[in-house]
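# Breakdown of the fold
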Amino acid sequence: MRIGEYIASRLETLCLLGIGGLYICLVSYFCRIPTPVTIILLGSGAFAVIVWLVTGWWIANRKLKNLRSRLEALPEKYLIGETLARPKDAVEQQYFLLMKEISRSAIGAVDRARAEKEEYSDYVEQWVHEIKTPLTACSLILANGGDPAKLRRELRRADNLSDTILHYAKLCTVEKDLQIGAVDLRTACDQAVREEMELLIAAGIAVSVQGAGRVYTDPKLLVFVLKQLLINCAKYCAGCQIQMILAENRLVFEDNGPGIPSHELSRVTDRGFTGTLGRSTGKSTGMGLYIVKRLCEKMSIGLEPASREGEFTRFTFTFCEPTANLTKVLDY
């Protein structure tokens, strides 16, 4: 920092000192103090001010130099706030506390970004291994005559995996792509079932849709959410029956499969949670229901899982009223 910059930062104090000098001159004039005495007083004051400015500039430069050396020594620059010594000046202490708060906020943001990056990398690596299964199956099917039904089924699995990782990658920015509109629940359910028909038939699963309803949400994401539940049933509930019960502002998705143990129910939508059934079959990535939960949050849809082991698993979707739903989306 140049001396001129330091002096400019002390202009307010210098103005006050200048006013003090004028006051001394006025007092000396009216009190008839000898001119030499006045000059000595003003000269002493000016010398003290110069010493104060030079000393302050030197101390400030020393602090800045020390700060720069600390900053250069740090591998992560945002950690500088954690290395600062607590100042004695009351005003500087307030700046110090603010710097600490900013630094810790930055550290938290970096830690979250790193965790998200690691999670994403882990999932991509897992996804690459998982997608090899349907691709390898397609090669074997073609090598053995190419059964069209089996080939379509494996291609559907590969397509579902690609769709899942695409939606996972867009979770942080999904609000930008939301297209809220009136959605007929029966139409959405029929579309989801139709797109997963090969997997459902292969797993011997029967699906029934009862009732009707009309909600305001993103139709594409709603179909994706329903497809994830159908895919889960095809993986873990072969031969089961699925019921989708529709009503205004509500959709109940229920199967009569093996169910979920009560101690695992609260964790089924956690990231990476596979559960007893998923671990025993080796088919679970622990991501499907996590993505479903996150998408429901983005669309302001309530999601309530319920299950009784050996009897059923139920997911209840509760849609917001049109005005509330649209208002929340427009707030993004």
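These remarks concern the structure in this document. Owing to the predicted nature of the structure, the values given are computational and were not obtained by experimental measurement. Throughout this description, residue numbers start from 1 for each chain and increase along the sequence as written. The model is predicted, so local features are restricted to residues of pLDDT at least 70 and side-chain atom pairs to those at 80 or more, both for listing and for counting; the totals for chains, interfaces and linings are taken over all residues. To obtain the side-chain values, all non-hydrogen atoms of the structure were included, while hydrogens and water were left out.

Moving on, we come to the sheet that holds strand β2 (residues 206–211). Here, strands pair whenever DSSP counts at least two bridges between them. Runs of E in the DSSP output that reach at least two residues are strands. Runs of H or I that reach at least four are helices, and both are numbered from the N terminus. Strand order in the open sheet formed by five strands is β2-β4-β5-β7-β6, and the pairing between neighbours is mixed. Edge positions in the sheet fall to β2 and β6 (301–308), since each has one partner strand and no second. For this sheet, the mean inter-axis angle between neighbouring strands, taken without regard to orientation, is 15°. Relative to strand β7 (residues 312–319), β6 runs antiparallel, the two sharing eight bridges. Its bridge partner being in β7, S307 is matched across the sheet by T313. Together, β6 and β7 form the strand contacts of helix α12 (residues 288–298), whose direction differs from that of β6 by roughly 145°. Helix axes are fitted to C-alpha atoms over the stretch in contact, other axes to C-alpha atoms as well, and angles between N-to-C directions run from 0 to 180 degrees. Residue contacts are defined here by distance: any two heavy atoms, one from each residue, within 4.5 Å place the two residues in contact.

What follows deals with helix α3 (residues 35–73). Taking 1.5 Å per residue, 39 residues should reach 57 Å; α3 reaches 57 Å between its end C-alpha atoms and fits that length. Partly exposed residues are those whose accessible area sits between 20% and 50% of the maximum for their type, while under 20% is buried and over 50% is exposed, using a 1.4 Å probe and protein chains only. Buried within α3 are the following residues: T38, V49, L53, G56 and A60. At its buried positions, α3 is contacted by α1 (3–9) and α2 (11–30). By this rule the span expected of a helix is its residue count minus one, scaled by 1.5 Å.

Here we take up the environment of D177. Tracing the chain through its elements places D177 in helix α7 (residues 174–177). Linking D177 and F224, residues 47 residues apart in sequence, is a C-alpha distance of 14 Å. Other than its neighbours up to four places away in sequence, D177 contacts K170 and D218.

Okay, the pattern of salt bridges next. Whenever a carboxyl oxygen of Asp or Glu lies within 4 Å of a side-chain nitrogen of Lys or Arg, that contact is scored as a salt bridge. The full count for this structure, using the stated rule, is 12 salt bridges. The residue R2 makes a salt bridge to E5 at a minimum N-O spacing of 3.4 Å. In this structure E5 comes out as partly exposed when scored by relative accessible area, which is 41%. A salt bridge links D163 to K227; the shortest N-O distance between them is 3.7 Å. Taken together, the residues D163 in helix α6 (residues 148–169) and K227 in helix α10 (residues 219–236) connect sequence positions 64 residues apart. On the basis of relative accessibility, which here comes to 21%, the residue D163 falls in the partly exposed class. Connected through shared salt-bridge partners, R156, D159, D163, E195, E196 and K227 make up one network.

With that settled, the discussion passes to the packing of helix α5 (residues 90–143) against α6. Between α5 and α6, the shortest axis-to-axis distance is 9 Å and the interhelical angle comes to 165°. In terms of orientation, α5 lies roughly antiparallel with respect to α6. Every pair of crossing elements has a handedness; the one defined by α5 and α6 is left-handed. Mapping the contact onto sequence places E119, Y120, Y123, V124, W127, E130, I131, P134, A137, C138, I141 and L142 in α5 and K150, L151, E154, L155, R157, A158, L161, S162, T164, I165, Y168 and A169 in α6. When its residues are assigned to classes, the contact of α5 with α6 shows 17 nonpolar, two polar and five charged. Should an angle fall under 35 degrees it is called roughly parallel, over 145 degrees roughly antiparallel, and 65 to 115 degrees roughly perpendicular, with every other angle called oblique. Take the far helix as the reference: if the near one is turned anticlockwise from it by less than a right angle, the crossing is left-handed, and if turned clockwise, right-handed. Each residue is assigned to one class: nonpolar for Ala, Val, Leu, Ile, Met, Phe, Trp, Tyr, Cys and Pro, charged for Asp, Glu, Lys and Arg, and polar for all the others, Gly among them.

Next up on the list: the state of the cysteines. The rule for a disulfide is simple: a pair of cysteine sulfur atoms within 2.5 Å. Summed over all chains, the structure comprises zero disulfides. Lacking any disulfide linkage, C25 is separated from the closest cysteine sulfur, that of C31, by 13 Å. The class for C25 is partly exposed, based on a relative accessible area of 32%.

These figures come from the coordinates and say nothing about function on their own.
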